[in-house]
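Descriptive analysis of the structure
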Protein chains: 2
Amino acid sequence: MNWQRIDGGVTAPQGFLAAAIRAGLKPSGATDLVLLVSEVPATGAGVFTTSVVRAACVDYDRELLQRGQKIRAILCNAGQANACTGAEGAQTTQVSARLVQEVLQTEDGVLIASTGVIGQQIDRGKLERGIREIVKHLSREAGETAAQGIITTDLVPKTMALETTLQGKTVRLGGMAKGSGMIHPHMATMLGFITCDASVEPSLWQTMLKAATDRSFNQITVDGDTSTNDSLLALCNDRSGLPLITEPDSAAAQTIGAMLTDLCIYLAKKIARDGEGATCLIEVQVYGAENDSQARQIAKTIGGSALVKSAIFGRDPNWGRIAAAAGRAGVNFCQDQLRIELGNYLLMDQGQPLPFDRSGASNYLKLQAEASGQAQSIDHPVVIKVTIGDGKGQGVAWGCDLTYDYVKINAEYTT
Amino acid sequence: MNWQRIDGGVTAPQGFLAAAIRAGLKPSGATDLVLLVSEVPATGAGVFTTSVVRAACVDYDRELLQRGQKIRAILCNAGQANACTGAEGAQTTQVSARLVQEVLQTEDGVLIASTGVIGQQIDRGKLERGIREIVKHLSREAGETAAQGIITTDLVPKTMALETTLQGKTVRLGGMAKGSGMIHPHMATMLGFITCDASVEPSLWQTMLKAATDRSFNQITVDGDTSTNDSLLALCNDRSGLPLITEPDSAAAQTIGAMLTDLCIYLAKKIARDGEGATCLIEVQVYGAENDSQARQIAKTIGGSALVKSAIFGRDPNWGRIAAAAGRAGVNFCQDQLRIELGNYLLMDQGQPLPFDRSGASNYLKLQAEASGQAQSIDHPVVIKVTIGDGKGQGVAWGCDLTYDYVKINAEYTT
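Quick caveat, the model's predicted, so the values are computed rather than measured. (Residues numbered from 1 in each chain as written. Chains lettered and ligands numbered in written order. Predicted model: local features only at pLDDT ≥ 70, side-chain atom pairs only at ≥ 80, totals over all residues.)

1. Things to note about the overall build of chain A
For chain A, the count of helices and strands is eleven helices and 15 strands. Taking 2.2 N^0.38 as the reference for a compact globule, 415 residues should give roughly 22 Å; the C-alpha atoms of chain A span a radius of gyration of 22 Å, in line with that estimate. When the 415 residues of chain A are sorted by exposure, 61% land in the buried category. (Helix = DSSP H or I, 4+ residues; strand = E, 2+ residues; numbered from the N terminus. Rg over C-alpha atoms; globule rule 2.2 N^0.38 Å. Buried ≥ 20, exposed ≤ 12 C-beta atoms within 10 Å, placed from the backbone.)

2. A short note on the interface of chain A and chain B
Across the contact, 50 residues belong to chain A and 50 residues belong to chain B. The set of elements that each furnish at least two residues to the side of chain A that touches chain B consists of α8 (306-313), α9 (319-327), β13 (352-353) and α11 (404-412) of chain A. Examining the composition of the side of chain A that touches chain B, we find that seven residues originate from one element, α9(A), more than from any other. (Contact = placed C-beta atoms within 7 Å.)

3. Here's the deal with unusual backbone geometry
All names here are of chain A. In this structure, Asn82 takes a positive phi of about 55 degrees despite not being glycine. The topology assignment puts Asn82 in the loop between β4 (71-80) and α2 (86-104). On the basis of neighbour count, Asn82 is assigned to the buried category, with 31 C-beta atoms found within 10 Å.

4. Some details on the relation of the copies chain A and chain B
You can overlay chain A on chain B at an RMSD of 0.0 Å; the transform is a turn of 180 degrees with a shift of 0.0 Å along its axis. The two molecules are tied by a two-fold rotation axis, judged by turn and shift. For chain A, the smallest separation between a C-alpha atom and the rotation axis is recorded for A:Tyr404, amounting to 2.7 Å. The share of interface residues of chain A whose copies in chain B are also at the interface is 100%, consistent with both copies meeting through the same surface. (Least-squares fit on C-alpha atoms with pLDDT ≥ 70 in both.)

5. Comments concerning helix α1 (residues 56-66) of chain A
Residues and elements named next belong to chain A. Regarding α1, the residues found buried are Ala56, Cys57, Val58, Tyr60, Asp61 and Leu65. Close packing links the buried residues of α1 with β3 (33-48), α2, β5 (109-117) and β9 (231-236). Two residues or fewer past α1, Gly68 is found with a positive phi of approximately 75 degrees.

6. Quick notes on the sheet that holds strand β11 (residues 339-342) of chain B
All names here are of chain B. Taken in spatial order, the six strands make up an open sheet running β13-β12-β11-β14-β10-β15, and their pairing is mixed. The two strands at the open ends of the sheet, each matched to only one other strand, are β13 (352-353) and β15 (393-400). Helix-sheet contacts for helix α7 (residues 292-304) involve β10 (281-289), β14 (382-387) and β15, and the interaxial angle to β15 is about 20 degrees. (Pairing = 2+ DSSP bridges. Axes fitted to C-alpha atoms, helices over the stretch in contact; angles between N-to-C directions.)

7. A short note on the confidence of the model for chain A
Summary statistics for chain A give a mean pLDDT of 92 and a share of 97% for residues scoring 70 or more. Across the predicted assembly, pTM comes out at 0.88 and ipTM at 0.84. (pLDDT = per-residue confidence, 0-100.)

8. Concerning the domain arrangement of chain A
All names here are of chain A. Under the domain assignment used here, chain A contains domain 1 (4-273) and domain 2 (281-412). One C-alpha centre belongs to domain 1, the other to domain 2, and the line joining them spans 31 Å. With 13 residues of domain 1 at the contact, the number on the domain 2 side is 17 residues. In the side of domain 1 that touches domain 2, the residues fall into seven nonpolar, three polar and three charged. (Domains from an automatic or database assignment. Nonpolar A, V, L, I, M, F, W, Y, C, P; charged D, E, K, R; others polar.)

9. A few points about the sheet that holds strand β10 (residues 281-289) of chain A
Residues and elements named next belong to chain A. Pairing within the open sheet is mixed, and its six strands lie in the order β13-β12-β11-β14-β10-β15. Each edge of the sheet is formed by a strand with only one pairing partner; in this case those strands are β13 and β15 (393-400). Here β10 runs beside β15; their pairing, made up of seven bridges, is antiparallel. Directly across from Ile282, in β15, lies its bridge partner Gly399. Contacting β10 and β15, helix α6 (residues 251-273) runs over the sheet at an angle of about 40 degrees to β15. Where helix α10 (residues 358-372) meets the sheet, its contacts fall on β10, β11 (339-342), β12 (345-349) and β14 (382-387), and the angle it forms with β12 comes to roughly 125 degrees.

10. A few points about the pairing of strand β3 (residues 33-48) of chain B
All names here are of chain B. For β3, a buried count of twelve out of 16 residues is recorded, marking the element as mostly surrounded by other parts of the structure. Two elements, strand β2 (residues 16-21) and β3, share six bridges in a ladder whose sense is antiparallel. Of the residues in β3, the one forming a bridge with Leu17 is Val37. In terms of strand pairing, β3 meets strand β4 (residues 71-80) through six bridges, oriented antiparallel. Each bridged residue has a counterpart across the sheet, and for Val34 the counterpart in β4 is Cys76. Bridge analysis of β3 against strand β9 (residues 231-236) gives six bridges, and the strand direction is antiparallel. When the sheet's bridge partners are listed, Val47 is paired in β9 with Leu232.

11. Brief notes about the environment of A:Val308
Residue and element names in this part refer to chain A. With respect to the secondary-structure elements, Val308 resides in helix α8. Sequence spacing of Val308 and Leu402 is 94 residues, and the spatial spacing of their C-alpha atoms is 8.6 Å. Ignoring any residue separated from it by four or fewer positions in sequence, one finds Val308 in contact with Ile302, Arg321, Ile322 and Ala325.

12. Considerations on the packing of helix α2 (residues 86-104) of chain B against helix α3 (residues 124-134) of chain B
All names here are of chain B. Relative orientation of the contacting elements α2 and α3 amounts to 20 degrees, with a least axis distance of 10 Å. By the angle between their directions, the pair α2 and α3 is classed as roughly parallel. At the point where α2 passes α3, the crossing takes the right-handed sense. Each of Thr92, Val95, Ser96, Leu99, Val100 and Val103 in α2 lies in contact with α3, whose residues at this interface are Arg124, Leu127, Glu128, Ile131 and Arg132. Considered class by class, the residues forming the contact of α2 with α3 number six nonpolar, two polar and three charged. (Parallel < 35°, antiparallel > 145°, perpendicular 65-115°, else oblique. Left-handed = near helix turned anticlockwise from the far one by under 90°.)

So this is what it looks like as structure tokens:
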């Protein structure tokens, strides 16, 4: 299996068009409406927030996908999250989906995503005018513009595309995401959109998306809060010309699944690095667990520890906090086997503290943060490596440091 | 059932002595060794950290209590947590327990608690000299001194005693705790010690302690981290003259259980208020759940949300963050029934946002923080009241706001 990165984002795969406009939904006047269209009926899959307080569009999309309807488009607005908006909010979602069907002259389904302030209704007049306008701007070149269009407080857009050759056909995946962690000053959300021009049997496509999510978006944390709108939506059509993929064990399914995971991990790392107030990306690797799921759980707990995060902001190689976070992850292990490394520094082995070059380890944290600061780079993570035993389970999680700016951003924002 | 507060802390109940000295274990030279003794064999109970990375003393105490041995004393050192210290650390715990038995000339059990830096061995020579010295200072008057002696980074000591009359006998409970939240810059811990001069059958005493903990120490959070040393130890002897309490439904058991819960809630609130960098105490009340356990879970999730905590530091009545935190607590409810109040301000009802006096609500947050700032008072909490349905389940949790100082304290501390 091999593939390469290409430009173009969500419109890199064949048969996908996008557009982004200013519809007047955001008080700031910034771009706030994005439409992503497949020229032919596409197969949809989705992963959503687990919160019981959910935006209207989350319930709408989940039901549409469960019915197995073919999908033609995804509409995403920014400015209002359409969460805690009751019957009127649910109606707004339905009305806008129907209007997109009308302007695209299709009976296929339309998925809806919203992001912004919770508890505010979307201005339906502006939204309807926006939908009638945005279809005029659809293009193959708008993938990167769309990625810029869905961000809110993010410092950088997050987009990527991959290309490979399968059975002589060129196959592409594209993706974009928004999110400054799991949660935003505006109660906005993690949204992700993925396109693929190889046709995959619907339940297999959903399985692939869930598996990729478990290794990517479900492994990042900025502050441990889950939002009301988290949605990852993926569309695949048949424009690559590759025959329908139905067998999970086939080479094509394996390759596309791996590409999908690669793409989701890239976008997830970009979100963690762009976490509110963060100065660096933290990558926690856990080895030696009984299974991958337990390893991922420990990795996520360490990456989410406020104490570990603030120590890294202080460039302090405080391994005791890493050990304590590992211990409270809800996974049983023998503490006498615990081993902790920070970059190339071995801090603890066999459950015992080791003498180590403290200033060298602190300097490692400084250097990674400096390198990481350039354009929100994800290429210089602070790497924490934890081994808990002799098992084969392993997992990775990503987070960011906890800084004064996190508190500032979230304390000073007024609803 | 009625009772009153009295002075004296852990030595208020009959038959308990305490002492606190400087044994040279802390580099600062502050008080770092506390001994609590029952003049007669006492019944012990304990609740401990759920972390698999545990201090040596946690395992030692748990085993001692499980064997059902009578307890004569509790020794607590500060400076080193004796966690991640392997076989040598375990031996230090055993050696010091035996030495306390020797100096007290008793075969009864001795419980051990440690707090301080993780991964450092306790200086055994200093500890042994300290134990031989501290027994000379035991007194009935040292309850409050002992409470001062166990704190580390806490801004105020935390102690309380209660008195009631049962069957013509005066019965007293005393308690002290340390903790600046669940976690400390020094990897120190929440420690709690309780004394009672009414004799309770061992398994009932343990049940009472667990029930009180579930409504108090298990309902506070500063940053969601669980430490390696968390221990709540409770001793009861028979010095009040009240006959042994064996029936859970008896008036005496009910009264003592309620007093124990009252005392633990007081100490727990003191810890939450003294959370690192906090400017106020937050009390989250949840009503209408199917059962108390679910209500407590939601209350704790809201109280632990970084976003809710930073909004309160910003004096921002951002109810959307409260709704979002309630939704992700892992408890199913219908969001159309959600109701949220902040102090006397109704912000959301029937799952719908309501117009409210935003500056009035913000001012409420300012006023509570100002009043709460006086001597770390717990009498002016910011009260968040959430109703999720029509059930009878209710629960309360306590936390504190997330401030620049929390990040400062935890980033600037160097191991």
